[in-house]
Amino acid sequence: MLQAIDLTKRYEDDLLALDKLSLEVKEGETFCLLGANGAGKTTTINLFLNFIEPTGGQVLINGIDVAQNPLEAKKYISYVSENVMLYGNFTARQNLNYFARLGGKRELKKEDYYMYMRNIGLTDNAFEMRVKNFSKGMRQKLGITIAIIKDAPNILLDEPTAGLDPKAAAEFIKIISGLRDSGKSIIMCTHDIFRAREIADRIGIMKAGRLVMSRTREEFLGDDLEQIYMDYMRETA
Amino acid sequence: MLRDIINKEMLDTISSPKFVFTFLLCTILILLSVYTGINSYRAELGEYNASIALNRKNLESQPSYGALAGLGVKVTKPPQVLSTIVSGIQEAVGRKASVNVAYDPSLVDSKYDSNPVFAVFGELDLSFIVKIVLSLLAILFTFDAVVGEKERGTLKLTLSNNVPRDRFILGKAIGSFASLLLPLIIPMVLGLIILTVYPDISLTGEDWLRIGIIFILFLLYISVFFMLGLFVSARTSRSSTSLLVLLFIWVTFVTVIPRAAVMAAGQIYPIPSVHEITAQKDAFLQEIQGLAPQKLNEWRQENPPQDTQEYQDKFKKFLEELQQDLTSKIDKKNAAIEEEYQAKRRKQEALATNLSRISPTSTLMFGAMSLGRTGIHEHERFLNSIKTYKPVFTKWVNAKMMRTLKLGSVEQPRPDISDMPVHQFEPESLNQSLAAALPDFAIMILLIILFFTGAFVSFLRYDVR
C-alpha cells in the first residue's frame, strides 16, 4: 500500500512543488496522476523513492515511513521511469540479472530471465542483444520486466508510455493491468488521459503541487475526462 | 550487493570501447617505452665502457706527470639500469667530469649536449607514460562515473532499490579501478618480462625491489587521478562539465604547478649564476698562480742555486710543498665558494620541491627518480664523490710529479698509473632512497584519501534526479 499524508515539498528557492498532498493506493489499485509539467507528479514519485526529503508530511510504503527508513521501504517498491536507459553495453539479460540481484533476487538462472522477457513480449533474439540497440518500446518493456522480477507489492510509473507508439503503449498498459490484477498497488504519472482512463481505478489531477481533483473509476467513467482535465487547467490558469 | 556492483562496473567498463582503446594504447606505449629505455641504457652502457677504456688509454699515453696533472682523470657516471623505467634527469645533466689539479670538477657532456634533438621532445620512458597518458586515462575512466549514471537514468533505477549509497560508490570505485588496472598491469608485466630476457640488462634483487616499489608509486599516482575523477563526477550534474573541470585540474597538476613552483622558488631565494661562481673561482686561481713565481723567487733568494744533488732534492721538495700548498688553497677556496653556492641552491631547491609537491605529478617524479636512482640526489651524490676524489688525485699527482721531476731536462718520466687512486662511488642505498621517497608516498596516499572522502561524502548528498 502506498500512502502520502499531507506531503509537502518546498525547495530552497522557496518554490512550493507539493502542497499537502494526501493519497492512498490500496492493493490491486492503480492511481493515475494527471497534470501539466511542473504540477508535482514527478516530485511525488521522487519523494516516494526518497530521492528528495519532504519539508512536511509523510510518505509510507506498506506502512514504512520512507524518510525514516528508506532502505527498508525500498524493498517494497519498484520504479519504471519515462525513459528506461539501462546499461547500453549490457545485453538485456545482463541488465535484468544486475537489477534483479539489486532487488534481492539472486537465485534466477538464464532461462528464468528468458521466460520473463518472453512473457513481457520481447522476442528471443533480443535476449542477448545489447540494450543500446533496443527501441524505446523494447527498453520500456525491459524496465517493467525489472519491476516484475523484483516482485515488489508497489510500483511507481513515471510517464511510462511517453514516446511510445500506440501499439507499444497498448501493450504496455496491458502489462500494467496484469500487474494491477495480481494485487500490486500502482501509481502512474502521465499526460496520457486516454491511457489513464483505460487503466486507472482512480484518477487525480494535480495543479501547482496540489491534488485538485480525485475521482474513482465509477465516478469518471461516464464523464468526458479530457473536458474535466481541461476545465481544471483553465480554472486555475 | 557490493560484489554485484563491482562486477557490474567491471563488466560495463570492459565491454566499452574506451577499455579496448585504453588497453591498446597502454600496451603500445608501455612496451615502446620499455624498448626505448632498454636501447637507451644499452647505448649508455656502451658509451660508459668506451669512455673508461679511452680514459685509461689517455692516462697511460701522457708524456709526464705534469701533463697528467693538467689533463686529469675523466670520471664517467655509470648508467643506472633503472633508467630503463625512469630516466629522470640523467639525460639532461652531464655524465663526465675532468678531475685535474687546477679546476673544480663539474659534470659535462649530457646526452642533450651531444644531440640536442633529444631535448626537443624528451624521453619516452615509463614514468612519462604514467605521468601524462595514464593519468589522463584515469580521468577518462571516471569523469562520468557518477554523473554519467545520472544522465543515463541508471542511477535512479539503481537507487530505487534498497542499495545503500555508500556501498554503491564504494562498489563503483573498486570495480572501475580494477578494470582500469587490467590494461595497465598486463603491458607492464610484459614490459618487465622483456626487461629480464634482454641481454645486457642485469637486474639485482634490490633492483627488482625498487621496480616493485616504483610500480606501487605509479599505481598510487593513477589512483590519485582516478579518485579525483570520481570526486568531480560526484560534484557535477553534467558529464561535460565534469570533463572540463578535470582537464583543467589535470593541466594545473601536470604542467602549471611544477613549473610555477620552480619559478616561485627562484624569485623567493635567488642564487648567483654558474658563470658568477666560475668567475670567482677563476679569479682566485689567477691570484694563486700569480703567487707561484713570487714564492719561487723568494725561495731562490733564500737558497742561492748550487750544482749539488742535495740542492736539487731540496728544490724538488720545495716545489712539491708549494704545489701542494697552492692546490690545497685553490681547493679550499673553491670548496668555500661552492659550499656557499650549494647552500643557497639547496635552499631554493628544497622550496621548489616542497612547493611543487602540491601536485601529484611532482611527487610521482621525485619519488620515482629517488627509487630509480636517476634523480637530483643521486646526481649530487655523484658530483660530491668526484669533489671528494679531486684532492686525493691532486695530492697523488703532485707528489708523483715533484718526486720524479728531472730538473733542467725536457724529458720527464712517463707516468705510472698503477697506484693512482681510483674514483669510488657508492650509489644510494634502498633505505636512503625510500627515506627520500617517503614524503611522496605520504602525499599521494593523503590525496587519495582526500579525494575519495570527497567523492564519498558528495555522493551521499548527490541529487540523483
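## Section: the overall build of chain A
- The helix and strand inventory of chain A stands at nine helices and ten strands.
- Taking 237 residues into account, the globule formula puts the C-alpha radius of gyration at 18 Å, and chain A, at 18 Å, falls close to it.
- Each principal axis of the C-alpha atoms in chain A carries an extent, and together these give about 50 × 40 × 35 Å.
- Every one of the 237 residues in chain A was classed for burial, and the buried ones make up 46%.

## Here we look at the overall build of chain B
- When its secondary structure is counted, chain B shows 16 helices and two strands.
- Its C-alpha atoms give chain B a radius of gyration of 30 Å, clearly above 23 Å, the size a compact globule of 465 residues would have.
- For the C-alpha atoms alone, the extent of chain B along its principal axes is close to 110 × 50 × 35 Å.
- Within the span of chain B, comprising 465 residues, buried residues form 37% of the whole.
- In chain B, 85% of the contacts between residues at least 6 apart in sequence involve partners at least 24 apart.

## Some remarks on the sheet that holds strand β3 (residues 30-35) of chain A
All names here are of chain A.
- On the basis of which strands lie adjacent, the open sheet formed by six strands has the order β6-β7-β8-β3-β9-β10 and mixed pairing. For this open sheet the edge positions go to β6 (77-80) and β10 (210-216), each flanked by a neighbour on one side alone. When strand polarity is set aside, the average angle formed by the axes of neighbouring strands in this sheet is 15°.
- Relative to strand β8 (residues 185-190), β3 runs parallel, the two being bridged by five bridges. Looking at the pairing, Leu34 lines up with Thr190 of β8.

## Let's talk about the interface of chain B and chain A
- Contacts between the two partners involve 20 residues from chain B and, on the opposite side, 22 residues from chain A.
- Among the elements of the structure, α1 (2-14) and α8 (154-159) of chain B are those that each provide at least two residues to the side of chain B that touches chain A.
- Taken together, the residues of the side of chain B that touches chain A break down into six nonpolar, eight polar and six charged.

## Examining the environment of Gln323 of chain B
Residue and element names in this part refer to chain B.
- Inspection of the secondary structure puts Gln323 in helix α13 (residues 309-356).
- Gln323 sits in the buried class, given 20 other C-beta atoms within 10 Å.
- Along the primary structure Gln323 and Arg403 are separated by 80 residues, whereas in three dimensions their C-alpha atoms are 12 Å apart.
- Setting aside chain neighbours within four positions, we find Gln323 in contact with Asn398 and Met402.

## As for the domain arrangement of chain A
All names here are of chain A.
- The domain boundaries assigned to chain A delineate domain 1 (2-76 + 153-236) and domain 2 (86-151).
- With ten residues of domain 1 at the interface, the matching set in domain 2 holds eight residues.
- Residue composition of the side of domain 1 that touches domain 2, grouped by class: six nonpolar, one polar and three charged.

## Section: the packing of helix α3 (residues 92-102) of chain A against α1 of chain B
- With their axes 10 Å apart at the nearest point, α3 of chain A and α1 of chain B run at an angle of 160° to one another. Considering the angle they form, α3 of chain A stands roughly antiparallel to α1 of chain B. Note on packing geometry: the crossing formed by α3 of chain A with α1 of chain B is left-handed. Residues Gln94, Tyr98, Arg101 and Leu102 of chain A of α3 of chain A form the contact with α1 of chain B, whose participating residues are Asp4, Lys8 and Leu11 of chain B.

## So, the pairing of strand β1 (residues 2-10) of chain A
Residue and element names in this part refer to chain A.
- Relative to strand β2 (residues 16-25), β1 runs antiparallel, the two being bridged by six bridges. Counterpart to Arg10 in the pairing with β2 is Leu16.
- Connecting β1 to the antiparallel partner β2 that follows it, the hairpin turn spans five residues, and Asp14 within it adopts a positive phi of roughly 75°.
- Relative to strand β4 (residues 56-61), β1 is paired through five bridges, and the arrangement is antiparallel. Among the inter-strand pairings, Leu2 is bridged to a residue of β4, identified as Ile61.

## Section: unusual backbone geometry
Residue and element names in this part refer to chain A.
- One non-glycine residue, Lys20, lies in the positive phi region at around 50°.
- Mapped onto the elements of the fold, Lys20 is located in strand β2.
- Look at Lys20 and you get partly exposed, because 15 C-beta atoms sit within 10 Å.
- One non-glycine residue, Leu86, lies in the positive phi region at around 60°.
- Following the sequence through the fold, Leu86 ends up in the loop between β6 and α3.

## A word on the nonpolar core
- The biggest cluster of nonpolar side chains holds 139 residues, and the ones touching the most others in it are Phe48 of chain A together with Ile214 of chain B.
- With 17 residues, helix α10 (residues 205-233) of chain B is the single largest residue contributor to this core.
- Residue contributions to this core reach at least three from each of two domains, namely domain 1 (2-76 + 153-236) and domain 2 (86-151) of chain A.
- Of all hydrophobic cores here, the second largest spans 16 residues; its members include Tyr65, Val73, Val397 and Met401 of chain B.

## Observations concerning the pairing of β3 of chain A
Residues and elements named next belong to chain A.
- Within β3, six of the six residues are buried, which leaves the element mostly enclosed by the surrounding structure.
- The two faces of β3 match: Thr30, Cys32 and Leu34 on one face and Phe31, Leu33 and Gly35 on the other face are all buried.
- In this sheet, strand β9 (residues 202-207) lies alongside β3 in parallel orientation, the contact comprising five bridges. Note on β9: the bridge partner recorded for Leu34 is Ile205.

## Side note on the packing of α10 of chain B against helix α14 (residues 360-372) of chain B
Residues and elements named next belong to chain B.
- It is at 9 Å that the axes of α10 and α14 come closest, and there the two elements cross at 175°. Taken as axis vectors, α10 and α14 run roughly antiparallel relative to one another. Within the contact between the two elements, α10 uses Arg210, Ile213, Ile214, Leu217, Tyr221 and Val224 and α14 uses Pro360, Leu364, Gly367, Ala368, Leu371 and Gly372.
- Class assignment for the residues of the contact of α10 with α14 results in nine nonpolar, two polar and one charged.

## Observations regarding the sheet that holds β2 of chain A
- Reading across from one edge, β2-β1-β4-β5 (chain A) is the order of the four strands in this open sheet, with antiparallel pairing throughout. Unpaired on one side and paired on the other, β2 and β5 (64-65) of chain A mark the two borders of the sheet.

## Digging into helix α6 (residues 126-142) of chain B
All names here are of chain B.
- The terminal C-alpha atoms of α6 lie 22 Å apart, and with 17 residues this matches the ideal 24 Å at 1.5 Å per residue to within 8%.
- Val133 marks where α6 bends most, by close to 30°.
- For α6, the complete set of buried residues consists of Leu126, Ser127, Ile129, Val130, Lys131, Leu134, Ser135, Leu137, Ala138, Ile139, Phe141 and Thr142.

## Section: the confidence of the model for chain B
- Here chain B averages 87 in pLDDT, while 97% of its residues score no lower than 70.
- We note a pTM of 0.84 for the whole complex and an ipTM of 0.89 for its interfaces.

## Points about the environment of Phe128 of chain B
Residues and elements named next belong to chain B.
- Within the fold, Phe128 resides in helix α6.
- A tally of 17 C-beta atoms within 10 Å means that Phe128 is categorised as partly exposed.
- In this structure, the C-alpha to C-alpha distance between Phe128 and Gly372, residues 244 residues apart in sequence, is 14 Å.

Definitions and limits used
Residues numbered from 1 in each chain as written. Chains lettered and ligands numbered in written order. Predicted model: local features only at pLDDT ≥ 70, side-chain atom pairs only at ≥ 80, totals over all residues. Helix = DSSP H or I, 4+ residues; strand = E, 2+ residues; numbered from the N terminus. Rg over C-alpha atoms; globule rule 2.2 N^0.38 Å. Buried ≥ 20, exposed ≤ 12 C-beta atoms within 10 Å, placed from the backbone. Contact = placed C-beta atoms within 7 Å. Pairing = 2+ DSSP bridges. Axes fitted to C-alpha atoms, helices over the stretch in contact; angles between N-to-C directions. Nonpolar A, V, L, I, M, F, W, Y, C, P; charged D, E, K, R; others polar. Domains from an automatic or database assignment. Parallel < 35°, antiparallel > 145°, perpendicular 65-115°, else oblique. Left-handed = near helix turned anticlockwise from the far one by under 90°. Core = buried A, V, L, I, M, F, W, Y, C linked by C-beta atoms within 7 Å. Expected span 1.5 Å × (residues − 1). Bend = angle between axes of the 7 residues up to and from the residue. pLDDT = per-residue confidence, 0-100.

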